[in-house]
Amino acid sequence: METDTLNLTDIISESLKKSMTYTEYRTLVTALVEENSNTGIEKTEALAEYTQLNDRRMRRWDKTAKVSEDDKIKIQNSDKKVTWLVISESWCGDAAHIMPIINKVAELNDAIDYKVVLRDENEALMDQFLTNGGKSIPKLVMLDSETHQVLKTFGPRPMVATNLVLDYKAKHGKLTPEFKEDLQRWYNKDKGQSTVEDLIDLIR
């Protein structure tokens, strides 16, 4: 079945067949670190190093990320069965900060099924959810778990970080290495709270 003849429902169904749980994704990334490798079509020393860095970031967030009691109630109040299908790759810095937070939220509600697919292995899916024409990740596609209808999307960054990026691009034309370092510091200071807020808005 050629991907260009598939409709969106078929593309989503095909991607779900190839999906993994967050735990399986974490196991995969850790194994790639041992092999000095990375997910995706392109294998480079730089991408392998980003994968190592991201494994450490995710390990830290898996242990330390917290959801407030008020937010827990909001998350648990949603009873609609949804699948959060997240498109990612091991080398993506934003994903390393965001995916563990998605997991913390999903763990609080049995109605949320968190699945992960790799961007380069799911090109037809990624092409349906571009950000300003680019294949930016991570991208969360929220589906009705029964019909696989697309309900909403989130990503590649929480809204606060997106605005920081857009403002910087408007002033400077492009993102500099210095800004990217500042963005990493913002993620560390924010501790995932902006992502939690955006995810709560997603399930309201």
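In this text, all values refer to a predicted model and were calculated from it rather than measured experimentally. (Residues numbered from 1 in each chain as written. Predicted model: local features only at pLDDT ≥ 70, side-chain atom pairs only at ≥ 80, totals over all residues. Heavy atoms only, no water.)

Chemist: If you had to explain the packing of helix α7 (residues 159–172) against helix α8 (residues 177–190) to someone new, which residues and values would you point to?
Modeler: Where α7 meets α8, the closest approach of the two axes is 11 Å, and the angle between their N-to-C directions is 160°. When the axis of α7 is compared with that of α8, the two are roughly antiparallel. Once α7 is placed against α8, the crossing between them reads as right-handed. Contacts between α7 and α8 pair V160, A161, L164, V165 and Y168 from the former with F179, L183, W186 and Y187 from the latter. (Axes fitted to C-alpha atoms, helices over the stretch in contact; angles between N-to-C directions. Helix = DSSP H or I, 4+ residues; strand = E, 2+ residues; numbered from the N terminus. Parallel < 35°, antiparallel > 145°, perpendicular 65-115°, else oblique. Left-handed = near helix turned anticlockwise from the far one by under 90°. Contact = heavy atoms within 4.5 Å.)

Chemist: Run through the sheet that holds strand β3 (residues 139–144), naming residues and quoting values.
Modeler: A sheet is described by the order of its strands in space; here four strands give the open sequence β2-β1-β3-β4, paired in mixed fashion. Across the chains shown, the open sheet's two edge strands, defined by having one partner strand only, are β2 (112–118) and β4 (150–154). When the angles between neighbouring strand axes are averaged without regard to direction, this sheet yields 20°. The sheet contacts of helix α9 (residues 193–203) involve β1 (82–88), β2, β3 and β4, and relative to β4 the element is tilted by about 165°. (Pairing = 2+ DSSP bridges.)

Chemist: Break down the pattern of salt bridges for me, citing the residues and quoting the values.
Modeler: Evaluated as defined, the whole model comprises 13 salt bridges. When the shortest N-O distance is used, the salt bridge between D94 and R157 registers 3.2 Å. Here D94 is found in helix α5 (residues 93–107), whereas its partner R157 is found in the loop between β4 and α7, with 63 residues between them in sequence. Accessibility assignment for this pair places D94 and R157 in one class, buried. Ionic pairing is found between K135 and D127, a salt bridge with its closest N-O pair at 3.6 Å. On the accessibility criterion, D127 (37% relative accessible area) is partly exposed. (Salt bridge = Lys/Arg side-chain N within 4 Å of Asp/Glu carboxyl O. Buried < 20%, exposed > 50% of the residue type's maximum accessible area, 1.4 Å probe, protein only.)

Chemist: I'd like a rundown of the environment of K174, residues and numbers included.
Modeler: Note on placement: K174 falls in the loop between α7 and α8. Exposure remark for K174: the relative accessible area of 58% places this residue in the exposed category. Beyond its immediate stretch of four places on either side in the chain, K174 contacts Y168 and K169.

Chemist: I'd love a proper account of the packing of aromatic side chains, names of residues and values included.
Modeler: Each aromatic ring pair is summarised here by two numbers: the centre-to-centre distance and the angle between the ring planes. Under the defined criterion, the tally for this structure stands at three aromatic pairs. Pairing Y22 with Y114 gives two aromatic rings, centres 5.5 Å apart and planes at 15°, and the pair type is stacked. On the criterion of sequence distance, the pair formed by Y22 in helix α2 (residues 22–34) and Y114 in strand β2 is long-range, its members being 92 residues apart. (Phe/Tyr/Trp six-rings, centres within 6.5 Å; stacked < 30°, edge-to-face > 60°.)

Chemist: Please give an account of the nonpolar core that cites residues and values.
Modeler: By size, the foremost hydrophobic cluster in this structure holds 56 residues, and its most contacted members are W84 and L140. Broken down by element, the residue count for this core peaks at eight residues, all from α5. Here L140 is in contact with W84, L85, V86, I102, K152, T153, F154, L199 and L202, once residues within four sequence places are set aside. (Core = buried A, V, L, I, M, F, W, Y, C linked by side-chain atoms within 4.5 Å.)

Chemist: Tell me what's going on with helix α1 (residues 8–17), and back it up with residues and numbers.
Modeler: Buried within α1 are the following residues: I11, I12, S15 and L16. In a view along the axis of α1, the buried residues occupy a sector of 135°, so they form one face of it. Next to the buried residues of α1 lie β1, β2, α6 (123–128), β3 and β4. (Arc of directions from axis to C-beta.)

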